[in-house]
Structure formats: structure tokens, C-alpha cells
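Observations on the three-dimensional arrangement
As a plain string of letters, each chain reads:
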Amino acid sequence: MKINALNGNKFVFLPAKVYDMKKSNVTVCLCTSRAIIDRERAVKVSQILRDAGHAVRLEADLCEKAISSFPEMEEIAASTVIACYPRAVSALFDRLNLKPAAVLDLRNGSAEDILSGFNLSESSSSEPFMTEADALPQKNGHDAWYPVIDRERCSGCGKCFDFCLFGVYGFEGNTVEVSHPTHCKIDCPACARTCPQKAIIFPKYPKSPINGGLTEEEPVAVNPKLLYSEALEYRLNRRRAGVSLLKK
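Now for a description of the structure that goes with this document. (Residues numbered from 1 in each chain as written. Predicted model: local features only at pLDDT ≥ 70, side-chain atom pairs only at ≥ 80, totals over all residues. Heavy atoms only, no water.)

1. A word on the environment of A199
Checked against the element boundaries, A199 lands in the loop between α8 (190-194) and β10 (200-201). On the basis of relative accessible area, A199 is assigned to the buried category, the value being 1%. Residues A199 and S155, spaced 44 residues apart in sequence, show a C-alpha to C-alpha distance of 8.5 Å. (Helix = DSSP H or I, 4+ residues; strand = E, 2+ residues; numbered from the N terminus. Buried < 20%, exposed > 50% of the residue type's maximum accessible area, 1.4 Å probe, protein only.)

2. A short note on the nonpolar core
Ranked by size, the top nonpolar core spans 68 residues in total, and within it L49, M73, I82, Y169 and F202 carry the most contacts. For F202, the residues in contact, after removing those within four places along its chain, are W145, Y146, P147, C184, C188, P189, C191, A192, I210 and N211. (Core = buried A, V, L, I, M, F, W, Y, C linked by side-chain atoms within 4.5 Å. Contact = heavy atoms within 4.5 Å.)

3. Notes on the pattern of salt bridges
Applying the stated rule across the entire model yields 16 salt bridges. One salt bridge in this structure joins E59 and K65, with 3.5 Å as the shortest N-O distance. In this structure, D150 engages R87 in a salt bridge whose closest nitrogen and oxygen atoms are separated by 2.8 Å. With a gap of 63 residues between them, D150 in the loop between β7 (148-149) and α7 (159-163) and R87 in helix α4 (residues 86-94) connect regions that are remote in the sequence. Judged by its relative accessible area of 9%, D150 is buried. On the accessibility criterion, R87 (3% relative accessible area) is buried. (Salt bridge = Lys/Arg side-chain N within 4 Å of Asp/Glu carboxyl O.)

4. Description of empty space enclosed by the protein
Evaluation of the coordinates by the stated rule reveals three cavities of 30 Å³ or more. Taken together, 14 residues make up the lining of the largest cavity; nearest its centre are C29, L62, C63, C84 and P203. Taken together, the elements giving at least two residues each to the lining of the largest cavity come down to α2 (62-66) and α4. In terms of residues, the lining of the largest cavity owes the most to one element, α4, which gives three residues. Residues of the lining of the largest cavity, tallied by class, amount to 12 nonpolar, no polar and two charged. A volume near 100 Å³ is recorded for the second largest cavity. As for the second largest cavity, its lining consists of 14 residues, and the residues nearest its centre are C154, C157, C160, C195 and I200. Taken together, the residues that form the lining of the second largest cavity break down as nine nonpolar, four polar and one charged. (1 Å grid on protein atoms, 1.4 Å probe; cavity = no way out; pocket = protein on both sides within 12 Å on 5 of 7 lines; lining within 4 Å. Points joined across faces, edges and corners; volume = space filled by probe spheres on them. Nonpolar A, V, L, I, M, F, W, Y, C, P; charged D, E, K, R; others polar.)

5. Focus: the packing of aromatic side chains
Overall, the coordinates contain two aromatic pairs when judged by the stated rule. Between the aromatic rings of W145 and F202, the centroid separation amounts to 5.0 Å while the plane-to-plane angle is 25°, which identifies the pairing as stacked. Here W145, found in the loop between α6 (130-134) and β7, pairs with F202, found in the loop between β10 and α9 (224-240); they are 57 residues apart in sequence, far enough to count as distant. The exposure class of W145 is buried, given its relative accessible area of 4%. Measuring from centroid to centroid gives 5.4 Å for F161 and F171, while their planes differ by 70°, and the two rings are edge-to-face. Within this pair, whereas F161 is found in helix α7, its partner F171 is found in strand β8 (residues 169-172), the two being separated by 10 residues in sequence. (Phe/Tyr/Trp six-rings, centres within 6.5 Å; stacked < 30°, edge-to-face > 60°.)

6. A short note on the environment of E217
Within the secondary structure layout, E217 lies in the loop between β10 and α9. On a C-alpha basis, the gap between E217 and P206 in space is 9.4 Å, while along the polypeptide they are 11 residues apart. Excluding residues within four positions of it along the chain, E217 makes contact with P206, K207, S208 and N211.

7. A few points about the pairing of strand β4 (residues 55-59)
Taken together, the five bridges between strand β3 (residues 25-29) and β4 define a ladder with parallel strand orientation. Note on β4: the bridge partner recorded for C29 is E59. The β-α-β motif built from β3, the intervening helix α1 (residues 39-51) and the parallel element β4 has right-handed crossover chirality. (Pairing = 2+ DSSP bridges. Right-handed = clockwise from strand over helix to strand, strands pointing away.)

8. Here we look at the sheet that holds strand β6 (residues 102-105)
Across the sheet, four strands lie side by side as β4-β3-β5-β6; this open sheet has parallel pairing. Lying at the two open borders of the sheet, with one neighbouring strand each, are β4 and β6. Ignoring strand direction, the axes of neighbouring strands in this sheet form an average angle of 20°. Bridge count for β3 against strand β5 (residues 80-83) is three bridges, and the pairing is parallel. Bridge pairing in β5 places V26 opposite T80. The sheet contacts of α1 involve β3, β4 and β5, and relative to β4 the element is tilted by about 155°. Against the sheet, α4 contacts β5 and β6, and its axis sits at roughly 145° relative to β6. (Axes fitted to C-alpha atoms, helices over the stretch in contact; angles between N-to-C directions.)

See below:
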């Protein structure tokens, strides 16, 4: 088992075992609206797994699915999920009180890394089903952008709630929740930069640790006044357009 650590918080990186070679359910997220997942690598892995007898389901965007169809997410949670960083994917399901059977990192790992968990190799490849992947919907610039929370890190301090002007966060008792994910401003990770525990994850963000990765690719020190000013300007512009994003 390989264990990575960031600021003392341990997170298990899969694959760390060989999975049951009997037919199993696998879900592969292609994140079609962003260049996060290597498309050819994802399709190749999917084809090899399918050829080996696994039931492979391709998803355009698990983040979108998570806010549009709970029943499907409940079904997907029973499968091995191959997507981006495990910390981000686990937090995505945790928001729905679901726990995926396993999470494999295709964003950062190689095809061989993923296939080795199934006792397979790239040499098992046949012609990939790219046509099926091409048929998946794409929402460039208008995709499901919103935060998820790493519960192992979150202290419940509420700084994200205090900072966000768009009403994305709420409280259930003493627990901070992403109550209105669709209120989030596309491509704005400002609240994640204000979190003292680095518990807020934007899966589609390009750099760690904000995207759920375990490395420090981007410093998280910020100027709160500048961020607040930018958020306020955005809210005023939306209000002028006739859209109210005030917290309820």
C-alpha cells in the first residue's frame, strides 16, 4: 500500500491491490469539458478492462452527475471509479453520503498503474471504443464547477461560509455543507485559498492542493481583501443582470 502525506494528513493512493478478476463494474470519468484526463489513455484503459470482462461505464463528467442524478451516483458508488485525484473523488461522493468501492487516479497515474490493479497490462489492448467516448456531451466553459469538502481536514471553522458571497455554503448543525453548488462562480477557487486546513477541493482546478492532489504546486497564501473585492464586483454585476445570489 502506498501512502502519501500532505501536512501530516495521510491519504491512501490506489491501486494498492489486485482486484477480483471476475466481472466487476467500473466507471471511467473522461471530464470531457476540461483537459484534465488524458482522453486516449482513459479510452485505452476502458477498452482493455472491457475486453477482460469488466462492465465499463463511461461518464462525461462525474461532477455534473453528482448534482443532477443521485440514483445514478448511488449506482456508480458500487463500482471502481477511475477518474482524477482520489481525495477529490472521495469528497465528491461524500457530499452525497456515498462511498465508492475504490478510486483509481487516471489524472496522475499511467495506464499501466491502473491496469496493474486488475492484473492486466497495456499489451492486452485492442481497438478502443473512441466512438462511444466522442458521443459523450461536452460543456466547455459551462461545466459543473463547484467545491467539495475533505471531511478529514475540515474543522468546521466556517471561513468559507463567511467569505463566499454567492451562497454556495451553508450549515447543517455545526457542519459546513456545499448547499448550493450551482451558485459557484466558474473557475473561481478563492474560497479554497482562504481555508486554513486546505479542506476545500475544486476537482477541475489545474493545480494542487486545491484540485485534491497531495503536492504543493500552488501557494495558497492570498490577499483576502483583494479576493473579497473581486467577489463583490462579480455579485454586483450579477445583480445588475437581474440575478440574486444573496445568502438565504
